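# Residue-level structural notes
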Amino acid sequence: MFIHNNGEMEAEWSFDDRADTYDMLTWVHDQSLLRTMVNLISEGALLRARTILDVATGTGAVARALAREKGHLIGLDLSRPMLERAAHRHSLAKVWYLRARGEVLPIKDGTIDILICRNGLHQMLEPGLALREFGRVLSPFGLICVIESVAPPDPVKSYWRKIILLKDRGRHPDFTFTARELEAWIEEYGLDVLRVVSKDVLFDVDEWITMGGVTGARAEEVRQLFERADTGTKSEMGITWNDGQLLAKKVSHMVLARPRA
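A brief structural summary. Per chain, residues are indexed from 1 in the order of the written sequence. Selection of residues for local features in this predicted model requires a pLDDT of at least 70, selection of side-chain atom pairs for listing and counting requires 80 or more, and totals for whole chains, interfaces and linings are taken over all residues. Hydrogens and water are ignored here; the side-chain numbers use all heavy atoms of the structure.

### Things to note about the pattern of salt bridges
Any carboxyl oxygen of Asp or Glu that lies within 4 Å of a side-chain nitrogen of Lys or Arg is treated as forming a salt bridge with it. Within the structure shown, the criterion is met by 11 salt bridges. Across the pair E103 and R101 runs a salt bridge whose closest N-O atoms are separated by 3.1 Å. We note that E103, like R101, is buried. Between R136 and E133 there is a salt bridge; the shortest N-O distance is 2.7 Å. Here R136 pairs with E133, and both are found in helix α5 (residues 127–137), just three residues apart, close to one helical turn. Under the relative-accessibility criterion, R136 is labelled partly exposed at 26%. Via salt bridges that share partners, D109, E133 and R136 belong to a single interconnected network. Type-normalised accessible area, obtained with a 1.4 Å probe on protein chains alone, sets the label of each residue: buried when under 20%, exposed when over 50%, and partly exposed for intermediate values. By the criteria applied, helices consist of DSSP H or I runs no shorter than four residues and strands consist of E runs no shorter than two, each listed in order from the N terminus.

### Considering the packing of helix α6 (residues 156–167) against helix α9 (residues 216–227)
With axes taken as lines fitted to C-alpha atoms, and helix axes fitted only over the stretch in contact, angles between N-to-C directions fall between 0 and 180 degrees. It is at 10 Å that the axes of α6 and α9 come closest, and there the two elements cross at 160°. Judged by the inter-axis angle, α6 sits roughly antiparallel to α9. The chirality of how α6 crosses α9 is left-handed. Between α6 and α9, the contacting residues are Y159, K162, I163, L166 and K167 on the first element and R218, E221, V222, L225 and F226 on the second. When residue character is reported, Ala, Val, Leu, Ile, Met, Phe, Trp, Tyr, Cys and Pro are called nonpolar, Asp, Glu, Lys and Arg charged, and the others, Gly included, polar. Per-class residue counts for the contact of α6 with α9 are six nonpolar, no polar and four charged. These descriptions rest on fixed angle ranges, namely under 35 degrees for roughly parallel, over 145 for roughly antiparallel, 65 to 115 for roughly perpendicular, and the rest for oblique. Two helices crossing with the near one rotated counterclockwise from the far one by less than a right angle form a left-handed crossing, whereas a clockwise rotation gives a right-handed crossing. Here, residues are in contact when the closest pair of their heavy atoms is within 4.5 Å.

Right, dumping it as structure tokens:
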């Protein structure tokens, strides 16, 4: 079921025009990534949870992977077309879909047992404010799982940052963390990191550009940055050719944390 929240929303980068193609991205439904997420949280914790919130749910892949017979599961996103697609295509899944901003959650304090945000914080206007909101709605023994693609360590980080900011129009300019920096940032906002896991994701560069809505000269510039990278950068970012396909590696870093006592 799709519920519309009538609260004030600031103008920001929207995924509305990507709803029809978003499910075509390989990583969205990657079962290995979803299983890794479940294992990090633990199936026991998921089964005990009364309420699970999936922030930046998109077309609902994470929410559907966690849908259960008991308890409440909410998929939250700012994009109406994304939520409508999630609710329409998977109407049998026991998930409530809610339209709202991650920085202003229309949810009572301490009512969420598990909160997941996969690749959503970097698209928000105020990711730090969103993380504080996550902590506010978590129950005293609640868990939060933040999943983000992270930068390689220096000196390659600056080159990765150049690519990612050129390609992702909506990415927050300061949200280009390495794995360690992401963990430290999460702890700055009153959460204790419990466990982490990183998983390499090999992707087709051309698909990544096209499905990201990047066209024309900007698309070619992004591609050229992959092709013209020096040897060390190509090695760190896993840039290779395979049967005519230009491939690269993303690192999906998953952080499990809980509110600091």
